[in-house]
Amino acid sequence: MVKNKKILIVGLANKYSIAAGIAESLYENGAKLGFSIQNERFEKFINEFSKNYDSDFTQICDLSNDIEIKDLIKKAVDKWGKIDGIVHSVGFAPADQLSGNIEECISREGFQIAHDISSYSFSGVIKEAYPHMSNNSSIITLTYIGSQQATPNYNVMGMAKASLEASVRYFSSTLGEKGVRVNSISAGPIKTLAASGIKGFKSMLNKHGANTPLARNITAREVGNTATFLLSDMSSGITGQTIYVDGGYNIQSMDFD
Ligand SMILES: NC(=O)c1ccc[n+]([C@@H]2O[C@H](COP(=O)([O-])OP(=O)(O)OC[C@H]3O[C@@H](n4cnc5c(N)ncnc54)[C@H](O)[C@@H]3O)[C@@H](O)[C@H]2O)c1
């Protein structure tokens, strides 16, 4: 589906990352992958990981830094010429923002960091990358239903995800004529490093799994398969969308006996 497409994956931390499930699916479907990691802490993992995926492109990029974003895209362009796809699988909010009632924990600094890393970083990457995207290219990001529904402890991340989903609509509306599609995947809960920062995540995971039409939680690989579809020409008519990969959780109303 994505044979020989050059796809940059931003946001791998370890084998549990959603980005790892996406990389697995893209690789099995023939993509040529490059990776960006936040800092040196993830270097040992990525060196092993990229070997398994025949990748010879890894770049450190802290997305809070515009110069590092510029450098990331420049290195990708030097390596590949045109970029066929980008996966943005990044989110962060300080731990104190993800615990308790929002009125008690929200702060200006926490709000700014969450929005900077979890939303603006997507805009920052696209701003640098779009002139170098091939015709019929595709960009995706990862979101969560906490953008639409108040979710305990998710707090400021829900606001940042709402901003991220709006960014998908804005960029898709102007990049379409340049041959670039932009979409997001709203994933159900998956146990990852970032998710573990949300207070009560284990309970969220259990309740979610017990209350979806599919009667189970979803896997990073299932998200990866949808990502492969969105990055492939099979989805050529789709842009500006949020596609739910959540076992159908989002279509339900309240639960009662
Ligand atoms: N795990 C879930 O339940 C779930 C559900 C829906 C959406 N998501 C979203 O999926 C995406 C990936 O998260 P994940 O769950 O795989 O967790 P993860 O911890 O594996 O990935 C988060 C990534 O963000 C990166 N990151 C954070 N700050 C950064 C910075 N300043 N510069 C560069 N990179 C930075 C981390 O290094 C890490 O690789 C996030 O957007 C998350 O909100 C996760």
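Coordinates for the structure precede this section.
Because the structure is predicted, anything quoted here is derived from the model rather than measured.

Rules used in this analysis
Residues numbered from 1 in each chain as written. Predicted model: local features only at pLDDT ≥ 70, side-chain atom pairs only at ≥ 80, totals over all residues. Heavy atoms only, no water. Pairing = 2+ DSSP bridges. Helix = DSSP H or I, 4+ residues; strand = E, 2+ residues; numbered from the N terminus. Axes fitted to C-alpha atoms, helices over the stretch in contact; angles between N-to-C directions. Contact = heavy atoms within 4.5 Å. Core = buried A, V, L, I, M, F, W, Y, C linked by side-chain atoms within 4.5 Å. Buried < 20%, exposed > 50% of the residue type's maximum accessible area, 1.4 Å probe, protein only. Patch = residues over 30% accessible without salt bridge, like charges linked within 9 Å, V, L, I, M, F, W, Y side chains within 5 Å. Areas by Shrake-Rupley, 256 points an atom, 1.4 Å probe, with all protein chains shown as cover. Salt bridge = Lys/Arg side-chain N within 4 Å of Asp/Glu carboxyl O. Near = heavy atom within 4 Å. Polar contact = N/O pair within 3.5 Å; in protein donor to acceptor, adjacent residues only side chain to side chain. Parallel < 35°, antiparallel > 145°, perpendicular 65-115°, else oblique. Left-handed = near helix turned anticlockwise from the far one by under 90°. Nonpolar A, V, L, I, M, F, W, Y, C, P; charged D, E, K, R; others polar.

*Asks:* Please clarify how the sheet that holds strand 2 (residues 32-37) should be interpreted in this entry.
*Replies:* Note: strands within a sheet are paired through backbone hydrogen bonds, in either parallel or antiparallel orientation. Spatially, 3-2-1-4-5-6-7 is the arrangement adopted by the 7 strands of the open sheet, whose pairing is parallel. Every interior strand has two partners, whereas the edge strands, strand 3 (58-60) and strand 7 (242-245), have only one. For this sheet the average axis-to-axis angle between neighbouring strands, irrespective of direction, equals 20°. Of the pairings in the sheet, the one linking strand 2 to strand 3 comprises 3 bridges and is parallel in character. Across the sheet, residue phenylalanine 35 finds its bridge partner in strand 3, namely threonine 58. Lying on the sheet, helix 6 (residues 155-175) is in contact with strand 5 (133-143), strand 6 (180-187) and strand 7; it crosses strand 6 at an angle near 160°. Taken strand by strand, helix 9 (residues 220-231) contacts strand 1 (6-10), strand 4 (83-88), strand 5, strand 6 and strand 7, and its axis lies near 165° from that of strand 6.

*Asks:* What is the right way to look at the nonpolar core in this model?
*Replies:* Note on soluble globular proteins: their nonpolar side chains tend to be buried together. If you look at the biggest cluster of nonpolar residues, it comprises 32 residues, and the most contacted ones within it are Ile7, Ile9, Leu26, Leu33, Phe35 and Val223. With 6 residues, the single largest contributor to this core is helix 1 (residues 18-28). Other than its neighbours up to four places away in sequence, isoleucine 9 contacts Ala19, Ala23, Leu26, Leu33, Gly34, Phe35, Ser36 and Val87.

*Asks:* Is there a simple way to explain a nonpolar patch on the surface in this structure?
*Replies:* A grouping of Ile106, Phe111 and Met159 is seen on the molecular surface, where their side chains present a nonpolar patch of about 230 Å² in accessible area. Relative to the assigned elements, phenylalanine 111 resides in helix 5 (residues 108-129). The class of phenylalanine 111 is partly exposed, set by a relative accessible area of 34%.

*Asks:* Mind showing me how you'd approach the site of the ligand here?
*Replies:* Around the ligand sit 28 residues in total, of which Ser17, Ile18, Gln38, Ile190 and Thr192 are the nearest. Measuring from an oxygen atom of the ligand, one finds a backbone N or O atom of alanine 194 at 3.0 Å. For the ligand, the accessible surface in isolation is 820 Å², of which the surrounding protein chains cover 93%. Among the secondary structure elements, those contributing two or more residues to the shell around the ligand are strand 5 and helix 7 (193-196). When residues of the shell around the ligand are assigned to their parent elements, the largest contribution, 3 residues, is made by helix 7.

*Asks:* Quick question: what am I supposed to make of the packing of helix 3 (residues 66-80) against helix 5 here?
*Replies:* If you want to describe how two helices pack, look at the angle between their axes and the distance between the axes. Two elements in contact, helix 3 and helix 5, have axes whose closest approach is 9 Å; the angle formed by their N-to-C orientations is 45°. If you check the angle between helix 3 and helix 5, you find them oblique. Crossing angle aside, the handedness with which helix 3 passes helix 5 is right-handed. Contact residues: Asp66, Ile69, Lys70 and Ile73 in helix 3; Tyr120, Gly124, Val125, Glu128 and Ala129 in helix 5. Among the residues forming the contact of helix 3 with helix 5, the class breakdown is 5 nonpolar, 1 polar and 3 charged.

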